[in-house]
Every structure is written in structure tokens, then in C-alpha cells.
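Examination of the molecular architecture
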Amino acid sequence: MNASLLRRGVLAAGAALALAGWLPAAQAQTKVPLRISTPAVPDDWHAKMWTVFKDSLDKSAPGEFDVQINLNASLFKQGAEPAAMARGNLELASISAFDIAKLIPEFSIFTAGYVIRDPQHQQKVFNGPIGDEMFKLVADKMDVTVLSTIYLGTREVNLRDVRNVKTPADLKGVKLRMPGSKEWLFLGEALGATATPLAFGEVYLALKTGTIDGQDNPLPTVRAAKFYEVTKQVVMTHHLVDGIFISIANKSWNALTPAQRQKVKAAAQAATAYNNENRLKEEAQLVDFFKQQGLQVATPDVDAFRKTVLQAYMSSDYAKTWPKGMIDRINATK
Ligand code: KDO
């Protein structure tokens, strides 16, 4: 008997036993595939958190899910995840506000620098009524359900060569790599730099060879992706308290039983807690680490950056799409 006939025979026997009530249904059924795609590098907390997600589900729902973790954008390229989810080729991803803003312009309010004050503010905003409203838009218009909000870290400017950067004017002419969408490029330009689009996976080499002068990312990412090896300075602009959202395609979400949904949600929350705690802790220690690595860590005039960046957004077409009163509600969230 060849392998496929043998497999069919075993499956048929399993189904017959399940029908007869001799096998638990879960064992006879095929597992629910949960394919995950992320550009995160393996040593980053928001890559490792997916193992926490998988372990949590393996424990709460043994044998029910087949969690497949694909790091380094090996399954889908950065930013392509929402389209893959819509096509039914991907179940889970951690999508950014920038990914969402491409399809839901109102969401661009969360791509604007200096709107979210700090990590606590971020969690309050997204875990409260504002999050509920905005995630409903995401569910309706993108057909994905947001399960939780990941603190990606606070973005800083990271340069190949040391510059005296106090205000946005001092970044004039600096080729600053940003991820490749117009919302990201707008942020880079608002910071005063010449924004250059590039995928995350290409940043290390571009810094090494000098095709870009710098990049922006939270400190834990600068460490995990080893950008500190090929740069000489971090300018602590604190320009974006960045978040990504663990999201599941509605087609997959709706196909789950209520008990399975609750377990998937709990697994996403466990992964989020793991990432957020570790990332915050590490972020607080990294200035010392980078100094030990020989980098210069500079403190610019953050108020000057805040004023210029906010002005750029408030006078842009983006601000026209923001829900009425939303900026005041975000500011008033304590
Ligand atoms: C980046 O490309 O700079 C970025 O930080 C953007 C985020 O939205 C997110 O995609 C992140 O990369 C990746 O998860 C890699 O850390």
C-alpha cells in the first residue's frame, strides 16, 4: 500500500472511531491552522511573544490549533499582512497603525508623532472606549478583529554618524530610512529629514554601506536587529509611542467556537503581557547598553520636535480625516 492510501485508511479509521464515539472529536478533526507572519527578528520581544501565544494555546486547547510562526517576513513581506489576511492566506499578524491607515484614513491619527504620550497612555487609549470605536472600524472595513495592543516601544532617531541634532532643522538633508508607505514617509519628513523608504529587513545593510544616513525605531529593536553595530548615535526624539495590534482574520475568528475564541484571546493577551513587560524593562536599560557599545546618546530639544511635528500633522490632509473631537479625547485620556 502506498503512503497516501495508508494515510487515507488511517484517517477513515479515525473518522469511524470518532463517529462511534471512541475517539475525542478533537483528535479526529484536523487542527485549526493559525499562520502568523511578522517582520520581527527572532531576538525581538514581539517575535518571542508568539511562542508564548502558541504555548498558551497548546495548554488551554491541546491538539486544537496548529500555530505556525513565521519570523523575518519569511511568509509575507512587511505591510502585506492585511491583504494576505483578506485573501484567506494568513490568519494572524501584528499590524501597525500605518497598515490600518492605508485603508482607514481616520486611523492615521495614531501614526502622528507626539499624539500618544507614553506607554501607559497608549494602553489606556486602546483598551478603552476609543480603542473599541476604532477597532470596530477595523473589523468592519478590513475584516480583521484586533485582539490586543502591543507596545512596540518609543521611536528614536538612530544615525550612522554623530550630528549635533537639537531641532528638526538639524536633520535637514539626512537620509532617514522609514518603512515604505506614505504615512511613514510623512512622519520622517515632519521630523525634518529626507525620508527614504526601505523594508525593515534591508535596513542593517543599508546602514552598513551608507545608502542611508539613519533609521528610526524603538531602542529594543535597535538592539535586537543589531543596528547599534552599524550606527554611532541615538537621538532621543521620543517621536512616536509605537503600537502594533495582534489581529486575526474575521473569516478564521468567526469559524471558531465561543470557547476557542476565548482561548485565542487569552493567548493573545498572554503574549501581549510578555512583550509589554519585557520591552518596557529592556527599553529602560538600553541607553547604558548603547553607551557601552560606544554610541553617543544625545538629548535634543524634544519640545521643538513636538511642536514642529504636531504642526505638520495638524495642517495636513491627515488631520482632516480624524474623527471630530478625537484628538481632545485622546489628550483627555488619563
Ligand atoms: C520598522 O520597519 O521600522 C518597524 O518598526 C515598523 C513596525 O510597524 C513593525 O513592522 C516593525 O518594523 C517590525 O515588526 C520589525 O520590528
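Everything discussed here concerns the structure shown above.
I will try to describe carefully the structure that is included in this document. (Residues numbered from 1 in each chain as written. Predicted model: local features only at pLDDT ≥ 70, side-chain atom pairs only at ≥ 80, totals over all residues. Heavy atoms only, no water.)

Thoughts on the packing of helix α3 (residues 45-60) against helix α12 (residues 258-292)
In contact at an axis separation of 8 Å, α3 and α12 are set at 145° when each is read in the N-to-C sense. Remark: the crossing between α3 and α12 carries right-handed chirality. The segment α3 lies against α12, with Trp45, His46, Lys48, Met49, Val52, Phe53, Ser56, Leu57 and Ser60 engaging Lys263, Val264, Ala266, Ala267, Ala268, Ala270, Ala271, Tyr274, Asn275, Asn278, Arg279 and Glu282. (Axes fitted to C-alpha atoms, helices over the stretch in contact; angles between N-to-C directions. Helix = DSSP H or I, 4+ residues; strand = E, 2+ residues; numbered from the N terminus. Left-handed = near helix turned anticlockwise from the far one by under 90°. Contact = heavy atoms within 4.5 Å.)

Some thoughts on the site of the ligand
Residues in close proximity to the ligand include Pro39, His46, Gln78, Ser96, Leu152, Arg155, Arg177, Pro179, Trp184, Phe200 and Asn217, which together make up its full environment. Contact between the ligand and histidine 46: an oxygen atom at 2.7 Å from a side-chain N or O atom of the residue. A distance of 2.7 Å separates an oxygen atom of the ligand from a polar side-chain atom of asparagine 217. Within the complex, 95% of the 370 Å² of free accessible area of the ligand lies under protein. Class assignment for the residues of the shell around the ligand results in five nonpolar, four polar and two charged. (Near = heavy atom within 4 Å. Polar contact = N/O pair within 3.5 Å; in protein donor to acceptor, adjacent residues only side chain to side chain. Areas by Shrake-Rupley, 256 points an atom, 1.4 Å probe, with all protein chains shown as cover. Nonpolar A, V, L, I, M, F, W, Y, C, P; charged D, E, K, R; others polar.)

Some points on the nonpolar core
Grouped burial of nonpolar side chains is what soluble globular proteins tend to show. In this structure, Phe107, Phe110, Leu171, Phe245 and Ile330 are the most contacted members of the largest nonpolar core, which totals 55 residues. Beyond its immediate sequence surroundings of up to four residues, phenylalanine 107 is in contact with Ala97, Ile100, Ala101, Phe126, Met134, Phe135, Val138 and Phe245. Trp50, Phe53, Ile244 and Ala268 belong to the second largest nonpolar core, which has 22 residues in total. (Core = buried A, V, L, I, M, F, W, Y, C linked by side-chain atoms within 4.5 Å. Buried < 20%, exposed > 50% of the residue type's maximum accessible area, 1.4 Å probe, protein only.)

Things to note about the packing of aromatic side chains
For the structure on display, the rule yields 17 aromatic pairs. Geometrically, the ring pair formed by phenylalanine 135 and phenylalanine 245 is edge-to-face, given 5.4 Å between the ring centres and 70° between the ring planes. Placement of phenylalanine 135 in helix α7 (residues 129-142) and of phenylalanine 245 in strand β8 (residues 233-249) is noted, with a sequence separation of 110 residues between them. Exposure class is identical for phenylalanine 135 and phenylalanine 245. Each is buried. Taken together, the ring pairs connect Phe107, Phe110, Phe126, Phe135 and Phe245 into an aromatic cluster. (Phe/Tyr/Trp six-rings, centres within 6.5 Å; stacked < 30°, edge-to-face > 60°.)

Considering helix α8 (residues 182-190)
Here α8 has its buried residues at Glu183, Trp184, Leu187, Gly188 and Ala190. Taken end-on, α8 shows its buried residues confined to a sector of 165°, consistent with a single buried face. Just past α8, the residue glycine 192 takes up positive phi, approximately 100°. (Arc of directions from axis to C-beta.)

Interpretation in functional terms is not warranted from these geometric data alone.
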